[in-house]
Protein chains: 2
Amino acid sequence: MKEQVKDKRTAILEAALKLFTERGFHGTSTAQISKDAGVATGTLFNYFPTKEDLINSLYFEVKGELSRSMGKEIEEQSTFKDKLEKIWSNLVKWGVENQEEFLFVGQFCNSPYISKFTRDEVMKEYIFLHNLVDEGIREGEIRDFSAELTIAMFYQGSRTVVNLILDSDSSLDENKILEDGFQIIWRGLAK
Amino acid sequence: MKEQVKDKRTAILEAALKLFTERGFHGTSTAQISKDAGVATGTLFNYFPTKEDLINSLYFEVKGELSRSMGKEIEEQSTFKDKLEKIWSNLVKWGVENQEEFLFVGQFCNSPYISKFTRDEVMKEYIFLHNLVDEGIREGEIRDFSAELTIAMFYQGSRTVVNLILDSDSSLDENKILEDGFQIIWRGLAK
DNA sequence: CTGTAAAATGACTGATTAGTCATTTGTGTT
DNA sequence: AACACAAATGACTAATCAGTCATTTTACAG
């Protein structure tokens with residue numbers, strides 16, 4: 001038997017991610033996922049009882065990665081603005097470096113049949129950001145808008161920047177877009 | 001024969017819009033669309049040669065409506081800021097009042113198999129906004145970021161606000177969210 | 001080796017899919 | 001009425017789908 005580089009579950013998730021971003025959820029058959037993952041059709045269902053389970057599992061894994069990346073090296077930042085800028089940079093760089101995962105999240109969040117439950121569930125991953133924003137409001141660093149609005153504008157702003165970078169043919173000024181994007185959001189939020 | 005309130009084409013598009021936002025593109029069968037539209041399965045294909053044609057036609061129609069709504073009563077605004085705020089308000093109100101259309105656009109733009117061509121094609125609808133932003137930059141009303149970044153942050157900001165309004169159980173402060181959202185973006189962009 | 005349990009397999013199924021096409025129905029003209 | 005033409009129809013098909021399950025392979029214990 002050949003050395004097994006990664007377990008079947010991971011292989012399935014990776015194949016699924018690639019195909020989903022290429023063809024969408026319903027446009028990708030479980031048979032194709034199995035084939036690309038190098039496993040039998042039945043094996044997929046040993047790990048994920050249904051296709052929807054597979055999609056949800058993939059989403060949780062990807063969101064976990066994103067959530068972890070988001071919080072990297074925050075403690076090292078001294079000012080509130082620096083912290084926020086670090087998170088911004090983490091979010092954008094994660095999206096650019098993990099294009100498939102980034103697109104998958106976009107697809108997932110805009111797909112209708114994936115319910116509010118999952119969306120709420122995922123928002124828990126952002127407690128960290130929520131706390132920081134609450135603190136920023138309390139301490140007068142940023143203006144007193146609702147935390148939901150503040151977080152949504154910030155997070156979606158970072159996604160907008162990633163989309164711009166991914167679209168732009170010239171990857172010349174990736175950093176320029178990242179920084180300009182943050183300037184816009186920061187000036188919008190700061191007191 | 002009963003009076004025909006609307007032609008079959010429109011009935012098909014309306015049924016498709018509803019089903020797409022409920023179940024996604026691939027999750028909706030042409031048979032179901034035909035049934036909901038009150039026409040035979042064959043009739044759908046008289047109007048739209050393929051399912052993908054139907055999706056694209058629907059997108060162009062919806063984007064046309066959005067584009068028209070966006071530009072309403074702009075001439076009546078005197079200052080640059082007022083114009084931008086009016087567009088913002090038009091965008092948000094269109095999204096809130098045309099929830100299905102709004103969600104459909106989100107789905108469409110995040111679906112992978114709908115290509116760059118269509119996305120570019122649609123950007124032409126925004127020439128009007130593009131021109132306004134260019135003018136605003138030239139005349140020093142807003143800061144000199146790239147027009148693409150400025151427009152994207154503005155447009156996606158308005159979508160973020162709509163999503164927040166649609167999600168919030170309490171539709172109490174719809175206007176508050178709209179106005180706060182604009183404040184954030186305006187302060188971010190203004191000189 | 002041998003026994004055993006878990007993991008993997010792929011042929012198979014019943015349901016569903018987008019799209020076809022020979023036929024019927026409706027409309028307007030003379 | 002009789003014709004012509006377009007619009008609408010729905011039974012049909014070939015392909016594909018998610019998911020099943022009896023069987024085989026693998027991993028490991030004694």
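Right, let's walk through the structure included here. All residue numbers refer to positions counted from 1 along the written sequence of the respective chain. A letter from A marks each chain and a number from 1 marks each ligand, given out in the order of writing. Local features in a predicted model are, by the rule used here, given only for residues with pLDDT of at least 70; side-chain atom pairs are given and counted only at 80 or more, and totals for whole chains, interfaces and linings are based on all residues. Excluded from the side-chain calculation are hydrogens and water; included are all heavy atoms of the structure.

1. Remarks on the overall build of chain A
Per the convention used, a helix needs a DSSP run of H or I reaching at least four residues, while a strand needs a run of E reaching at least two, with both numbered from the N terminus. Helix and strand counts for chain A come out as ten helices and zero strands. Considered along the principal axes of its C-alpha atoms, chain A spans approximately 60 × 40 × 35 Å. Here's how the labels work: a residue is buried when its accessible area is under 20% of the maximum for its type, exposed when over 50%, partly exposed in between, all with a 1.4 Å probe on protein chains only. Scored against the burial criterion, the 191 residues of chain A give a buried share of 49%. Residue contacts are defined here by distance: any two heavy atoms, one from each residue, within 4.5 Å place the two residues in contact. Counting contacts in chain A only where the partners sit at least 6 residues apart, residues at least 24 apart contribute 69% of the total. Accessible surface is estimated by sampling points in the Shrake-Rupley manner with a 1.4 Å probe; for residues, cover comes only from the protein chains shown. Accessible surface computed for chain A: about 9,500 Å², of which carbon and sulfur atoms make up 47%.

2. Topic: the packing of helix α1 (residues 8-23) of chain B against helix α6 (residues 99-110) of chain B
All names here are of chain B. Lines fitted to the C-alpha atoms define the axes, with helices restricted to the stretch that makes contact. Angles between their N-to-C directions range from 0 to 180 degrees. With their axes 9 Å apart at the nearest point, α1 and α6 run at an angle of 60° to one another. By the angle between their axes, α1 is oblique relative to α6. Crossing geometry of α1 relative to α6 is assigned as left-handed. Between α1 and α6, the residues in contact are Leu 17, Lys 18, Phe 20 and Thr 21 and Glu 100, Glu 101, Leu 103, Phe 104 and Gln 107, respectively. Note on residue categories: nonpolar means Ala, Val, Leu, Ile, Met, Phe, Trp, Tyr, Cys or Pro, charged means Asp, Glu, Lys or Arg, and polar means any other residue, Gly included. Counted by class, the contact of α1 with α6 contains four nonpolar, two polar and three charged residues. Each angle is binned into one of four classes, with values under 35 degrees roughly parallel, values over 145 roughly antiparallel, values of 65 to 115 roughly perpendicular, and all other values oblique. A clockwise turn of the near helix away from the far one marks a right-handed crossing, whereas an anticlockwise turn of less than a right angle marks a left-handed crossing.

3. Here we look at the environment of B:Gln156
Mapped onto the fold, B:Gln156 is located in helix α9 (residues 147-167). Linking B:Gln156 and B:Ile184, residues 28 residues apart in sequence, is a C-alpha distance of 13 Å.

4. Points about the pattern of salt bridges
Residues and elements named next belong to chain B. Salt bridges are defined by distance alone: a side-chain nitrogen of Lys or Arg within 4 Å of a carboxyl oxygen of Asp or Glu. Taken as a whole, this structure holds eight salt bridges over all chains when the rule is applied. Notably, a salt bridge pairs Arg 9 with Glu 61, separated by 2.4 Å at the nearest N-O pair. Separated by 52 residues along the polypeptide, Arg 9 in helix α1 and Glu 61 in helix α4 (residues 51-70) bring together distant segments of the chain. Here Arg 9 falls in the partly exposed class, since its relative accessible area comes to 26%.

5. Quick word on α6(B)
Given a rise of 1.5 Å per residue, twelve residues ought to cover 16 Å, and the 17 Å separating the end C-alpha atoms of α6(B) matches this to within 8%. Residues of α6(B) that are buried include every one of B:Glu101, B:Phe102, B:Phe104, B:Val105, B:Gly106, B:Gln107 and B:Phe108, and no others. One fewer than the residue count of a helix, multiplied by 1.5 Å, yields its expected span.

6. Some remarks on the relation of the copies chain A and chain B
Residues reaching a pLDDT of at least 70 in both copies supply the C-alpha atoms on which the copies are superposed by least squares. With an RMSD of 0.0 Å, chain A superimposes on chain B once it is rotated by 180° and translated 0.0 Å along the axis. A rotation of that kind, with that shift, is consistent with a two-fold axis. Taking the C-alpha atom as reference, chain A places A:Gly188 closest to the rotation axis, 2.1 Å from it. When you check the interface residues of chain A against chain B, 100% turn up at the interface there too, and the contact is symmetric in its surfaces.

7. Here we look at the interface of chain A and chain B
Between chain A and chain B, the contact holds 37 residues from the first and 37 residues from the second. What gets called buried area is simply the loss in accessible area from a 1.4 Å probe that two parts show on being joined, summed for both. The largest share of the area that chain A buries against chain B comes from A:Met153, A:Ile184 and A:Arg187, three residues that together contribute 22% of it. The definition of a polar contact used here is a pair of N or O atoms within 3.5 Å, where within protein one atom must be able to donate a hydrogen and the other to accept one, and adjacent residues in sequence count solely through side-chain atom pairs. If you look at where chain A meets chain B, you find five residue pairs in polar contact (both at pLDDT 80 or more). For the side of chain A that touches chain B, the element with the highest residue contribution is helix α9 (residues 147-167) of chain A, accounting for ten residues. Among the residues making up the side of chain A that touches chain B, the classes are represented as 15 nonpolar, 13 polar and nine charged.

8. Let's talk about the packing of aromatic side chains
Residues and elements named next belong to chain A. Aromatic pairs are defined between Phe, Tyr and Trp rings, using the six-membered ring for Trp, whenever the two ring centres lie within 6.5 Å; interplanar angles under 30 degrees are classed as stacked, those over 60 as edge-to-face, and all others as tilted. Scanning all chains against the criterion turns up 26 aromatic pairs over all chains. Aromatic side chains Phe 25 and Phe 108 sit 6.3 Å apart centroid to centroid with 80° between the ring planes, which places their arrangement in the edge-to-face category. Note that Phe 25 is positioned in the loop between α1 (8-23) and α2 (30-37) and Phe 108 in helix α6 (residues 99-110), a separation of 83 residues in sequence. This pair shows no difference in class: Phe 25 is buried, exactly as Phe 108 is.

9. Concerning the protein's contact with DNA strand C
Here a residue counts as near a molecule or strand whenever at least one of its heavy atoms sits within 4 Å of it. Not every one of the 16 residues close to DNA strand C is listed here, only the nearest: A:Gly42, A:Thr43, A:Tyr47, B:Thr30 and B:Lys51. Close to the protein, within 4 Å, the atoms of DNA strand C are drawn from sugar and phosphate at a rate of 68%. One of the side-chain N or O atoms of B:Lys51 is found 2.6 Å from a phosphate oxygen in DNA strand C. Put simply, the parts of the chain that give the surface near DNA strand C at least two residues each are α3 (41-47) of chain A together with α3 (41-47) of chain B. Per element, the largest residue contribution to the surface near DNA strand C is five residues, and it comes from α3(A). Tallied by class, residues from the surface near DNA strand C come to five nonpolar, nine polar and two charged.

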